Structures are given as structure tokens and as C-alpha cells.
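One-letter residues, chain by chain:
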Amino acid sequence: MARIELKNIRHSYPASKGEAQVWALEEVNQVWEDGGAYALLGPSGCGKTTLLNIISGLLTPTEGSVLFDEKDMTQVATIDRHIAQVFQFPVVYDTMTVYQNLAFPLRNRGMKDSDIEPRVKEIAEMLDLTESLNNRAAGLTADGKQKISLGRGLVRPDVNVIMFDEPLTVIDPHLKWQLRSKLKQLHQQVGTTMIYVTHDQTEALTFAETVVVMYEGRVVQVGTPVELFEEPKHTFVGHFIGSPGMNLLPCENVDRMAHCLGNALGIAEKKETHSEQFQVGVRPEFVYFDKVGIPVNLNKVDDLGRYKVAEVETDGHILKMIVDEGQDIPVENPRICFDLDHTRLYRDGWMVETEEVTP
Amino acid sequence: MNKISNQRAWWLVVPVVVLVAFNALIPLMTVVNYSVQETFGNNLFFWHGVGWFEQVLTSERFHASLLRQLAFTGMILIIEVPLGIAVALCMPRKGPWVSVCLVLMALPLLIPWNVVGAMWNIFALPDIGLLGRMINGLGIDYNFTQQPVAAWSTTVLMDVWHWTSLVVLLTYAGLCSIPDAYYQAARIDGASSWSVFRYIQLPKLKRVLTIAILLRFMDSFMIYTEPFVLTGGGPGNTTTFLSIDLVKIALGQFDLGPAAAMSLIYFLMVLLVCWVFYTAMMRNEEQ
Amino acid sequence: MSIEFRQVVKRVDSDTHIYETDLRLEQGGFNVLLGTTLSGKTTLLRLMAGLEAPSSGEIWFEGKNVTGVPVQKRSVSMVYQQFINYPNFNVFSNIASPLKVARVSSAEIKKKVEKIAGLLKLDNLLGRYPSELSGGQQQRIAIARALVKDSKLVLLDEPLANLDYKLREELRDEMPKLFADTGSTVVYSTTEPMEALMLGGHTATLHQGRVSQYGVTSEGYRLPDNLTSARVFSDPPINTAEVRKQGGRFFLNQKVSWLAPRSLRGLQDNIYTMAIRPHHLLLNADKSGSIRIDAKVKIAELSGSESVIHVDVDGNDWVSECHGIHPFDSGDHTEIYMQVDRCLYFDQQQQLIRG
């Protein structure tokens, strides 16, 4: 158990000849509190796997340091960091049984057989693997194998952190549900720090208490799922989290009032910066049809069963809106309004503080 | 799977069928023909039944060369397979040295058999050869043309030099196909390098190793040119392996009948081993 | 082009991959094959493409029997889950390849490729090679190649499965638009119910080699013909329980019962299977016509705007999906509210009981 701190971490992979050095990670500072459930969320190529490998010690960062409970571990080998990792594709030792697989990390650490047995059985019980303990691991289904990979981490009493690298990639959708909630349950049971790397917002938001969103080698926002949903600090977060993502429209500052497409919005930035160009961001959940508001053309409506997604257009700008099942969508002269509590202003991509003002 | 097909594609196979017929089937049938008949020249043949087979199978000479053959094959397998794996494990997986190593490894495989034989013959000559002079210089009495032990060790050494690369290359390809995640997981599980080899690399190499052993078995079991050029089967008969013996009987003594019977027995043995390997491999795959 | 399966069976050795199937896909428009892995989606696609022949039965295109016709003569293009492109061709040549095979004049090729590239936002990448592009861009090339050929039938086998979540969303949104103007019949296979709903059109649900239902996507979702289709077409999994009908009421257990809808009052008293979608189980009584059920929380998954609560109701594992953030600890007792007017009832043969 340890609190993990990343200090001024930068990393670049060796550049091929004649190419400029490219930073896969640009300056990351991040603290992982002991016992937390974290998700590291971002598109492919954002540096999340690099960051994971730096924590586990499979990579040494070009600059910066990794601290476990204030102790510098940057140069310490993987095995001495006491971490566990579950990979995208299940890794099991094919020739061993499930039991031997789970016992393997303990045997390697010189634990006595009599101590190993109760420990393995306990973990197998937690993972619902008790019945297949004596089966060959190679014969299990993908989700079974993934449970073994996880089990090899859980079985060790000294693990500081368990890391998951897109662990549900090869799992069938209807089993994803089970395994995902199982992970969450396990976290509550064992209380080990867990870091879950994924590009899938649903997995990240449902698993984690704290989500770290990465984009192009940087951490753009750290927050609870609610914070990320309600107050995305960066337009990328707004776009990346939520389905469909946040609507972004150009917006101007006229007399201390944000105007979007010629309509006064009723909000303004708190600290006046006299900048002219803004973007207004509002999630599809917080746009609704009304008698007054911005006139739009209805492009199409997708019926997703639980709710509908309406696509509307105004002045060449497209907006998506989520309409609950059973609610009507006006066909003639639809107008839309924004929920001001959930309307954000962005300058150069970053959110600015706003306050409500009456026009 | 029954794919949608038209049957015209079969015509494309015709050239191969013709070629195989001329190459393999017709000569094979000639051999079968010889093996059951007796000839006294003038192209006159008399039916002899299984007589030649009995003669070959009971002859001490055949037993001796078969034994030598098995000993040789066993010996080179025992040396080449572990050595090949060891070399492959030492080779770099990334970086500029990969291609250098691969080329170096491939070099011996590119040299024709008889050249290898001639090279080693000269290399190992006790009076002028580099190797021969060196060993004698160390105070060891070494003369592969006269001492059976020296002849054997030179032959084995030559084969190891020539063919270990094949095992290395196959194993290396197998090693490269193991995903990184396995090694990383093993590091995290605290596995020793021996455990990594035993529980990850070896199981994943099972298939390529089966192929490597099969290939090395076949090649060494049918070895002819290299020992023939190196030792000529001597001193005495000490390095007369099956194929050398066969040629001696067929061309040296012109005993076509026994030679044909021996070839067929030889052929069946190779076929049997192939079949055993094939079934073993298929069973593996099913698992 | 309309596609018809007539009593098609596909067997490989002793395994039956597709049990006797009759299915008619209408001309033009989007058809989705929805099912878990190994449910037979890919086999159906390969049968349509002509890459495989049925063990028995016939396949008809536009009223013509094409059962024995090879793939080259079927006017079909196919996009796979893996991004399959020619690595040593640049984007332009990759897209142009089917036209070159068809010996289209180079002026015509240039025109067509540029048009399609524009549609798929590949226009400034035409000189690049596939290895220099992202997964999303590579899959766009494969889709562009299917589009440029103007095939009458376009088959897409889980084309977005290997892409990032957000890219998937983007391409999923574009896909129906791209094919809308071509007049091609599109068949798209997926494992995700949400994807089927977003793509719209018609959906066939598959389960273990059988087509359990085919119809307009949103209708199939609302009123599944049978329990199998309801299960396949639900993410999170649909909640089910045995209910007893007695005297015009359905009983979940001793305490919980509700009045049967008017159309089902006359239904024989018996045991039935009831199914309710997770988003019709709420944590408050806001919706009219909902009844209270006691439940024990197993785990609560909270995303930014919604809660997915896994509960135990009388030994049934149920899931409730609702707006807002509702934190629970494992083992908490709570009440959930079921919108009984949204319940579906299935008879012992697992067929939907329609009013």
C-alpha cells in the first residue's frame, strides 16, 4: 500500500535519425492516493499506456521522478515496486492449471506451500474461479483468463497498486457488464489502489472515483465523473466524455454578455478579460426545445430506445440534443434553449469562470 | 469449408502432377521393381519375392550402419536443439544488430553440402589444417583420417556448425512472435529467467521446435555428401551412415536388389517418423 | 437490391453454424445483424458475399437465384473488422484499386476517388500510406474503397470494433449518411445493441445460429418477438423474472403485484416470464403507473450523469439505469420503482404475448 506520486514526468521514445524528439508525455504531475479507484482516460496515442508503464517500472521516464510514499522509485525494478498489471490481451501461463497460475507469483517470492494454499483459495473464491482451479488455464474463455491475470495480482499481499490496461478489449459485450461490476466490487472488497486505463468513457466513469483525462501527452483534467460531466475544464473533455459529446458553438462577448449566433445567452465571464472570441459549450442533455430561443432546423432524429438524439442546425452549426423517451419533438419552427446552469464558456479551449447576468 | 468454386482451377495443378510423377513416382516404382527381382545383367530379371528384404533386415552390416546413423542423428539433435535455443535466446530482439546476427546465422546454411565437407576436410587435416594443427599443438593426438573418435567428433562438429543456424532461426522467429505483455507479466509476477523460459518461452516455442526437430531429424538421417567428402565413411566403416552404405552397395557393388530393398526400408523409416511427428503436431494444435 | 435467404442452412463438419433461415432484406437501406460473437453474423455475411456456399437452401438477389455465383460476379464489397488496405499503395491508389480492376478510365477514377475522399475527409491524405495513418483513418480508406465500387451490396463486418470509443461514435454517425445516396443495400454486423439503434434501418437479431427476429430497428427494440431477441437487443442486460398471473393481476411475489394491462386481462392464469428494461426501473416514483419493489443493492456504478445500480430482487439479478447520481453502498436496502406499463410478458415458449 502506498501513495504514488509522479513528479515532473516527461518521456520521449528514441527518435529515429533526422527526426526531432517527440514527447509522448509532456510534463505530468499526478498523485494517486492510497486505496483509490482511478481511471486514466484518453484516445489512442495520448500517452496513457506510456504513463502506466512508467508507474510499473517497465519504462524509465526521460525526466522526472516516481515516488512511492515519498520514496524515489524511479530507478527501482518492476519486481521491487510491488505492483500488479492486467493487460489488454489475457496473459496466462498455458501449461499451468488455474491454481498454479494463481500461486505462481507467491512461489516466485519464496512463500511456503502451506501459506499459499489458503491465499489462492480465498482469491479464487472472490473471482468465482473455485470450480476451475484444477483446470488447465489455456482452456478458459477470455473473461476467465482475464480473471486469472487479475487474480495473480490480488493474491499477493504486498501489492501497492493494480493497473489495468484496457482489460475488457477482448471480452464480449454482454460479459463486459459482469466483469466491469466485478472489478468495482473487488475494489471495494480489497481496497487496493487501482488504475484503469481505457479509451472507453463508460468503463472509466463507472469504475473510477477519480478520472484522469489525457490528451496529446498531457493531463487535461482530473476529477470525479460528475465534475467531468458537468464542468469539463477543456473542450476536449467536453467532447470526449459524454455521448454524443458537448456541443461547441462560436460566441462573442458584447457588453459583458456572451452572445451566441446573435442571441444573448444570459451568462458572462466572471473576470473580464476583454477577449472577443469564445466558444460556448453545452451538453446535448442540457439543450431543450422551447417556444422561445434560437430558431433551428431539425436535421434528423435517431431513436435510441431509451432516448432520442435530435440533430438540429442553425446558421451552419450543428447541435445534438438528447430527448427523453416519450417526449415530443416539435416539427414546426423548433426553437432551442440552453440550461444556463450547465452552459460553459471556453477561451482557447480552456473553460473560464462564468456568472449569470440578466440582459 | 465448401467454398463456391469452379473446377477449372484443377488444370493449374497439372504441371506439378506431371513433374512429381517423373520426379518421384516413376523412380520409386523402379526401385520397387528392383527390390523384388534378381538380375544377372543383360536386362534379364527373375522374381525374387521378399528375399532381398529378409537379407537386408538380417544383415549385420545393415544393423551396424543403422545404429551408427541413429547414434549420429541422436547426437546432433541433442547438441543442435539446445544450442540453437540458447543462441536464439541470446540474440537481440531490436536494434541494428538484429540484421547482422541474422545474416551471420544464415551464412552456413547457404554453403553447398560438398563445399562444407571439403572445407572441413582441409580445416581439420592434422598436418596442414588450422583446426588439426591447433588440436595437435595442444598436445592432443588428433587425426580424423585414422582415429574413429576423431572422425566422429569432426563429423558431428561439422554438422553442428552447418545446421545449428536452422534451429536458431526458427526459434528466433518463434521468440519474436511472443507478445511483450507475457514478459512484462512475468516481470511483475517476479518470475526468474528460468521460469520465463520454462513457462512462457518453451510452451510458446513448442510448435516451431517440433518443426525444427523434424527437419533436423530428416536431414541428418539422410546425410550423405558432407561425411562422404570429409571421411569417405572411414576410417574403416566407422562413419559409414545409412546413405553412404546404400550407395556403396548400389554403385560400388552393383547389388541392385539388396540396394533397392534397403532404400525402401530406409524410405519407410523416414515416412514413419514423419507421420509420428505430424500426428503429434496435429494433436498439439487441437489442444 | 433485395436479398433473400430461402431455407438456408450452413454446416461445417458436424457443427451447424446457421440453422434453417428464411430472411428477406429489403432493397436499399441499412440492415444490421445484431448478435454476440459466434452467433453466426459473419457466416451470414460470407454467405451473402458468396465466399461460402450454403449446405442447403438458396440465396436470391433481386428475384434471381445466386446460390452458386462466385463472389467476383456478385457486385459485392466488404469491409472487415481489421483495417485491410494495401500497405504499399498510397491512399489514392488504395481507394482507386477496385476501379482499376474494373478498367475505369483514369480521368474517371480521379473524379470518383476525389469525391469519395472528400465525403470521408480523406482528401488531404491522398498521398500518404496506410501505415502513416491512425486506425480511424485506415478504416475510412477501407470504407471508401467499398463506396467507390458502387456495389449493389455492401457488407460491413463489425467495422468499428477495433476503433476508439469516440472514433466509433463519429463514424457510426456518418455511416448511414454515406450510404444513403448510393442506393446500395448495406448489411452491417455488430455485437452492440446501442450501435444497432444508432444506425437505424432494419435489424435482425441472431442467437446461436438462428435469426430470432427481423424488423424496423426501433420497433424490434420496443416489442421483441421473443425473449431471446429481447436479451440480445438489450445493453445493459434486460431484467427478467417469473411472474404468476392470477385474477387479473401479475404477482412477482407475495407482496408485489399489479393489475394486468387491459389487453392481457383475459390471459389464462399461469406462470409467465416478465421482462423490463433497466431504464424503466427507477429510484423514484416520478413516473405514473410505477410500483414499488424492495431490493438489495449489490453494486452501484456511477458515471457522470447516470447511475447503474445492480440489485437483487427476490433472487433475480436486476439492473436499474437512471438519470442522476445515486450513490449506494453494497448491501444497502432500497426501493426501486418499476414502470409496469413498460413490462413485456412472454409465454412458456418464450414468445411475446401481444395484447
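Owing to the predicted nature of the structure, the values given are computational and were not obtained by experimental measurement.

Reading the values: the criteria
- Residues numbered from 1 in each chain as written.
- Chains lettered and ligands numbered in written order.
- Predicted model: local features only at pLDDT ≥ 70, side-chain atom pairs only at ≥ 80, totals over all residues.
- Heavy atoms only, no water.
- Helix = DSSP H or I, 4+ residues; strand = E, 2+ residues; numbered from the N terminus.
- Buried < 20%, exposed > 50% of the residue type's maximum accessible area, 1.4 Å probe, protein only.
- Contact = heavy atoms within 4.5 Å.
- Areas by Shrake-Rupley, 256 points an atom, 1.4 Å probe, with all protein chains shown as cover.
- Buried area = accessible area lost by both parts, 1.4 Å probe.
- Salt bridge = Lys/Arg side-chain N within 4 Å of Asp/Glu carboxyl O.
- Polar contact = N/O pair within 3.5 Å; in protein donor to acceptor, adjacent residues only side chain to side chain.
- Nonpolar A, V, L, I, M, F, W, Y, C, P; charged D, E, K, R; others polar.
- Domains from an automatic or database assignment.

Topic: the overall build of chain A
- Tallying secondary structure elements over chain A gives eight helices and 24 strands in all.
- Taken over the C-alpha atoms alone, chain A extends approximately 75 × 50 × 40 Å along its principal axes.
- For chain A, with 359 residues in total, the buried portion stands at 55%.
- In chain A, the proportion of contacts linking residues at least 24 apart, taken out of those at least 6 apart, comes to 66%.
- Total accessible area computed for chain A in this model is approximately 15200 Å², and 47% of it derives from carbon and sulfur atoms.

Focus on the interface of chain A and chain B
- With 22 residues of chain A at the interface, the matching set in chain B holds 17 residues.
- Counting the surface lost from both chain A and chain B, the interface buries some 1600 Å², and carbon and sulfur atoms represent 58% of this.
- Summed over the three residues of chain A that lose the most area to chain B, namely A:L58, A:F87 and A:Y93, the buried surface amounts to 28% of that side.
- Scanning the region where chain A abuts chain B turns up two salt bridges.
- Here A:D94 ties to B:K204 by a salt bridge, and the two come within 3.0 Å at their closest N and O atoms.
- Between the two partners, chain A and chain B, sit eight residue pairs in polar contact (both at pLDDT 80 or more).
- A class-by-class count of the residues in the side of chain A that touches chain B yields twelve nonpolar, five polar and five charged.

Digging into the domain arrangement of chain A
Residues and elements named next belong to chain A.
- When the domains of chain A are assigned, the result is domain 1 (4-235) and domain 2 (246-356).
- In this structure, domain 1 and domain 2 have C-alpha centres spaced 38 Å apart.
- With both sides pooled, the region where domain 1 packs onto domain 2 buries about 990 Å², and carbon together with sulfur makes up 61% of that total.
- In terms of surface lost to domain 2, no three residues of domain 1 exceed F229, P232 and T235, which account for 52% of the buried area on that side.
- Scanning the region where domain 1 abuts domain 2 turns up zero salt bridges.
- Linking domain 1 to domain 2 there are six residue pairs in polar contact (both at pLDDT 80 or more).
- Here the element with the most residues in the side of domain 1 that touches domain 2 is helix α7 (residues 225-230); it accounts for three residues.
- Partitioning the side of domain 1 that touches domain 2 into residue classes produces four nonpolar, two polar and three charged.

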